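# Structural features, examined
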Amino acid sequence: MGQVEWARDLARKVLERPLPRRWEHTQGVGRRAEQLAPILGKDAEILAASAWLHDIGYAPDLIDVGFHPIDGGRYLRDVHGADELLCRLVAHHTCAEIEADERGLLDILQGEFPKERGDLVEALTFCDMTTSPDGVPLTVVDRLAEIRSRYGPDDAVTWSINQAEPHILRAVQSVEAKLALSDVRLGCPA
Ligand SMILES: [Fe+2]
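First, a word on what this report is: a plain description of the structure on this page. (Residues numbered from 1 in each chain as written. Predicted model: local features only at pLDDT ≥ 70, side-chain atom pairs only at ≥ 80, totals over all residues. Heavy atoms only, no water.)

## Observations regarding the side chain of S50
What counts, and what does not: Secondary structure elements are defined from DSSP: runs of H or I of at least 4 residues count as helices, runs of E of at least 2 residues count as strands, and each element is numbered from the N terminus. Whenever two N or O atoms come within 3.5 Å, that pair is a polar contact, provided that in protein one can donate a hydrogen and the other can accept it, and provided that, for residues adjacent in sequence, both atoms are side-chain atoms. Here, two residues are considered to be in contact whenever any of their heavy atoms come within 4.5 Å of each other.
Within the secondary structure, S50 sits in helix 4 (residues 44-53). Polar side-chain contacts of S50 include one of 2.8 Å to the backbone oxygen of L47. Not counting residues within four places of it along the chain, the set of residues in contact with S50 comprises L86, L89, V90 and L124.

Shown next as structure tokens:
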């Protein structure tokens, strides 16, 4: 079984029943990542696998520190002996460092999962931040607004997303520029 098929099966097994909406979102993010293959070359597979697994740390059975990027990365590393880069991508998706710092978990995140391959972290952020909670493509502006309204103004997630916004926008613009150069269209709404 290839890495992407393995990741898809594992995500389904862990998320589908306890968190059906998170599974819907995951499917959208995974499909989007698979569409980035033309701009990723040899990294296409690991990026797609990380997209299928990026939110696995939300699964109730996996919760450890209570911050899903770390919990997901630990689960993949400790239970499945997953590829180190895959674990790092999951642990750092969508500006996780900012929220980890807010939650007092930055030392753990950086200590266990050194950040590398900024280009792939950026691609994963693009996929997550242009996919709705139901797995439908949407603009990054709508996605940011959706997160703020879902969590409310006083939540740590909203605070973190506000801090992360410039980085998220830069990541999305960077991937969109690469897609345009390669003439790849993903069907993202204008
Ligand atoms: Fe996500």
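## Some words on the packing of aromatic side chains
Put simply, the rule is: Stacked, edge-to-face and tilted are the three classes for Phe, Tyr and Trp ring pairs, Trp counted by its six-membered ring, which pair at centre distances within 6.5 Å; planes under 30 degrees apart are stacked, over 60 edge-to-face, the rest tilted. Only when the NZ atom of a Lys or the CZ atom of an Arg is both within 6 Å of the ring centre and within 35 degrees of the ring normal do we say a charge sits over the ring.
Counting across every chain of the model gives 1 aromatic pair. A ring pair is formed by W23 and W52, whose centres lie 6.0 Å apart and whose planes are at 45°; its orientation type is tilted. Taken together, the residues span a long stretch of sequence, with W23 in helix 2 (residues 20-35) and W52 in helix 4 at a distance of 29 residues. Taking NZ or CZ as reference, R22 lies 3.8 Å from the ring centre of Y58, over its face.

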